[in-house]
Amino acid sequence: MAPTFEDIVQSHLFTFCVGQDGKRIVVHAAAIAATSPQLNALINNGMEESSMRCAKLDDIEVDDFNRFCEYAYRGDYTVPPWENLPLEPEPTPDKNQKGEDDDDWGDPTPVSRKKKGKKGRIYEEAIPDVPDEPMTEPEPEPEPQYELQFNSRTILRTQFDSRNHIIDGGPITAILQSFEPKANSFPWQNFTPVFLAHARLYCFAHMRLIAPLKALTLNKLHKTLSKFKLYTDRVGDIIELARYAYLNQDLPSRSKDGTLDDLKKLVVEYIACEIDVIGKHDAFVEYMEEGGEFVGDFWKVARDFMN
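The structure reproduced in this document is the subject of the present report. (Residues numbered from 1 in each chain as written. Predicted model: local features only at pLDDT ≥ 70, side-chain atom pairs only at ≥ 80, totals over all residues. Heavy atoms only, no water.)

1. Description of the side chain of T15
- Within the secondary structure layout, T15 lies in strand β1 (residues 13–18).
- Given the relative accessible area of 10%, T15 is considered buried.
- If we skip the residues at most four places from it in the chain, T15 touches R24, I25, V26, R53, C54 and A55. (Helix = DSSP H or I, 4+ residues; strand = E, 2+ residues; numbered from the N terminus. Buried < 20%, exposed > 50% of the residue type's maximum accessible area, 1.4 Å probe, protein only. Contact = heavy atoms within 4.5 Å.)

Written out as structure tokens, the structure reads:
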């Protein structure tokens with residue numbers, strides 16, 4: 001039975017020393033214990049960790065553990081941000097060279113007009129300065145006044161049911177938007193941190209037997225890949241995701257019946273779907289030359305769907 005929020009906030013505090021540096025993170029014991037039997041035993045089994053209310057977790061990074069804690073309290077976690085790579089500076093144009101639109105007339109902005117007078121004489125007619133008119137803000141439209149007709153309770157009930165007291169952009173809206181996976185829009189948006197954060201949290205959930213979190217991370221990663229614009233410059237992001245999934249010793253290898261771990265299956269199927277782009281990239285060729293289990297898994301998936 002899941003604990004109530006009252007149970008969580010009234011439970012004792014528990015300290016985790018996270019990562020190689022032992023970053024101390026204090027949380028409510030009931031929130032973490034409710035995520036899995038393994039963590040419940042760590043916190044409440046009466047052994048040294050539970051009596052000292054402190055445990056060490058050096059196999060997870062601090063940012064990933066923070067996302068796990070957010071999941072423990074909220075049932076979801078904020079998607080990790082991408083990294084904006086620096087743009088290459090554009091070449092500075094030579095001031096001594098004229099552009100295509102340059103001419104010998106100098107500043108094209110007119111400051112006066114030429115006007116021909118009598119006997120062909122030319123004189124300048126200055127353009128008078130026109131003062132800017134002050135900007136006036138439009139008057140706000142009055143809020144609609146609902147006319148209550150007390151002779152019809154149906155109309156009153158309709159007005160009552162149609163009211164909305166939640167303001168768009170409020171705290172709950174911002175929280176829900178932070179949970180939703182984002183799409184990339186430019187080739188300089190490096191999504192390797194996004195892919196790996198989901199994958200690392202998947203592996204953490206796999207090791208701690210947190211099935212709902214495994215499903216959540218896999219769903220977020222799937223949505224991210226589905227929206228991902230595969231620019232040529234971003235093929236390396238996919239290769240890094242595949243490399244992490246297949247180098248992680250905590251994930252199971254392919255079973256005898258050919259079943260793949262869910263994370264590996266997701267990565268292999270995505271690469272097979274996008275092989276027309278990924279297959280042309282040198283990074284993919286180099287990764288294939290490294291050998292390993294990925295090559296066999298990829299070939300089996302690609303072979304089954306080849307025309």
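2. Overview of unusual backbone geometry
- The phi dihedral of R53 falls on the positive side, at around 55 degrees, and the residue is not glycine.
- With respect to the helices and strands, R53 occurs in the loop between α4 (48–52) and β3 (54–57).
- For R53, a relative accessible area of 41% puts it in the partly exposed group.

3. What about the environment of E286?
- Relative to the elements of secondary structure, E286 occurs in helix α13 (residues 282–289).
- Between the C-alpha atoms of E286 and I239, which are 47 residues apart in sequence, the distance is 9.9 Å.

4. Concerning a nonpolar patch on the surface
- On the surface, I166, I172 and L176 cluster together into a nonpolar patch covering about 300 Å² of accessible area.
- Here I172 is to be found in helix α7 (residues 171–179). (Patch = residues over 30% accessible without salt bridge, like charges linked within 9 Å, V, L, I, M, F, W, Y side chains within 5 Å. Areas by Shrake-Rupley, 256 points an atom, 1.4 Å probe, with all protein chains shown as cover. Salt bridge = Lys/Arg side-chain N within 4 Å of Asp/Glu carboxyl O.)

5. Here we look at the pattern of salt bridges
- In the structure shown here, the tally under the stated rule is 15 salt bridges.
- Linking R208 and D59 is a salt bridge whose minimum nitrogen-to-oxygen distance equals 2.9 Å. Of this pair, R208 sits in the loop between α8 (192–207) and α9 (211–227) while D59 sits in the loop between β3 and α5 (62–74), and the two are 149 residues apart along the sequence.
- Connected through salt bridges with shared partners, the residues E61, D64, R67 and R200 form a single ionic network.

6. Digging into the sheet that holds strand β2 (residues 23–28)
- Taken together, the 3 strands give an open sheet; going across it, the order is β2-β1-β3, and neighbouring strands pair in mixed fashion. In this open sheet, the two strands that pair with only one neighbour each are β2 and β3. Across this sheet, the average inter-strand angle for adjacent strands is 25 degrees, counted without regard to direction.
- Two elements, β1 and β3, share 4 bridges in a ladder whose sense is parallel. Looking across to β3, one finds that F16 is bridged to A55.
- Those strands touched by α5 are β1, β2 and β3, and its axis lies near 5 degrees from that of β2. (Pairing = 2+ DSSP bridges. Axes fitted to C-alpha atoms, helices over the stretch in contact; angles between N-to-C directions.)

7. Quick look at the packing of helix α11 (residues 262–273) against helix α14 (residues 293–304)
- It is at 9 Å that the axes of α11 and α14 come closest, and there the two elements cross at 60 degrees. On the basis of their axis angle, the class for α11 and α14 is oblique. Seen from above, α11 lies across α14 with right-handed handedness. Residues K264, V268, E269, I271 and A272 of α11 touch α14, and the partners they reach there are E293, F294, D297, F298 and V301.
- Of the residues belonging to the contact of α11 with α14, the class tally is 6 nonpolar, no polar and 4 charged. (Parallel < 35°, antiparallel > 145°, perpendicular 65-115°, else oblique. Left-handed = near helix turned anticlockwise from the far one by under 90°. Nonpolar A, V, L, I, M, F, W, Y, C, P; charged D, E, K, R; others polar.)

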